[in-house]
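# Results of the structural survey
Chain residues, written in single-letter form:
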Amino acid sequence: MAFMRNNLWFSFGRRFFRVGTGLVLNDRGDGVQSEVYTPCGNFTIFGMYTGLFFKDSNPYYVSTPDKADGARRIFTGMTYEKSIYNHSVYLFGMGQIDMGKEDAGTQTRYQSQYWGVGGKGTVEDNIAYYIEGFGETGKSYLNGTSKQKNILAWGGTAGINYYLKGEMSPVVQFQYSCGSGDKSRDYTDKATGNTGGR
């Protein structure tokens, strides 16, 4: 739905949600999103829930309960973007709330927040670029304990797309992405894989 001469958009239901380049979030969920376009910049605000998917089609597998029961997570966040000619810069913040079931005597919930900045634009008619960096904060449990530790991680991506003239409009893409790691992890596919430190 559009309001105020198309300066305010509102959508709800099952849809894809994306934050920035999609490195932080780029998948489907059930929720609402509002987009506001102003002379000072554009704002996007959203909130979504993942617990209504069938277990086998739930794409959010972070912990063992997620795999067993289907992820029950709430994602909510906001993006601010300002365009200047053919370029734009943006800031975003997003939080995830883990509402998954916890087995008796185990602590597996993973709660975190993401904060980031990015830019994108075109240099020539056939050259586009993007760059994004983010940090992650929050709390998670050490493996096999009820002790919480701080989350402190970062990641980023950058790329250039070169569009060629010709049949089928081919494009050559260059992309580099990186992220922080943790030497004290014993599992890389579990939210509680950390064994010490941040």
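Throughout what follows, the structure given in this document is the object of discussion.

Rules used throughout
- Residues numbered from 1 in each chain as written.
- Predicted model: local features only at pLDDT ≥ 70, side-chain atom pairs only at ≥ 80, totals over all residues.
- Heavy atoms only, no water.
- Core = buried A, V, L, I, M, F, W, Y, C linked by side-chain atoms within 4.5 Å.
- Buried < 20%, exposed > 50% of the residue type's maximum accessible area, 1.4 Å probe, protein only.
- Helix = DSSP H or I, 4+ residues; strand = E, 2+ residues; numbered from the N terminus.
- Contact = heavy atoms within 4.5 Å.
- 1 Å grid on protein atoms, 1.4 Å probe; cavity = no way out; pocket = protein on both sides within 12 Å on 5 of 7 lines; lining within 4 Å.
- Points joined across faces, edges and corners; volume = space filled by probe spheres on them.
- Nonpolar A, V, L, I, M, F, W, Y, C, P; charged D, E, K, R; others polar.

This part takes up the nonpolar core. Within the largest apolar cluster, 15 residues are counted, with the highest numbers of intra-cluster contacts made by Val-24, Leu-25, Phe-46, Tyr-60, Phe-75 and Met-94. Contributing elements (two or more residues each) for this core: strand S2 (8–19), strand S4 (41–49) and strand S6 (87–98). No other element matches the three residues that S6 contributes to this core. For Val-24, the residues in contact, after removing those within four places along its chain, are Phe-92, Met-94, Tyr-114 and Phe-134.

A separate point is unusual backbone geometry. Although it is not a glycine, Tyr-85 adopts a positive phi angle of roughly 55°. Residue placement: Tyr-85 occurs in the loop between strand S5 (73–84) and S6. One non-glycine residue, Ser-169, adopts positive backbone phi at about 50°. By the secondary structure assignment, Ser-169 is in the loop between strand S9 (148–163) and strand S10 (171–179). Residue class for Ser-169 comes out exposed when judged on its relative accessible area of 54%.

The next subject is the layout of surface pockets. Roughly 420 Å³ of internal volume is contained in the second largest pocket. Forming the walls of the second largest pocket are 18 residues, and the residues nearest its centre are Arg-18, Gly-20, Thr-79, Glu-81 and Lys-120. Elements with a minimum of two residues in the lining of the second largest pocket: S2, strand S3 (25–38), S4 and S5. Classifying every residue of the lining of the second largest pocket gives seven nonpolar, six polar and five charged.

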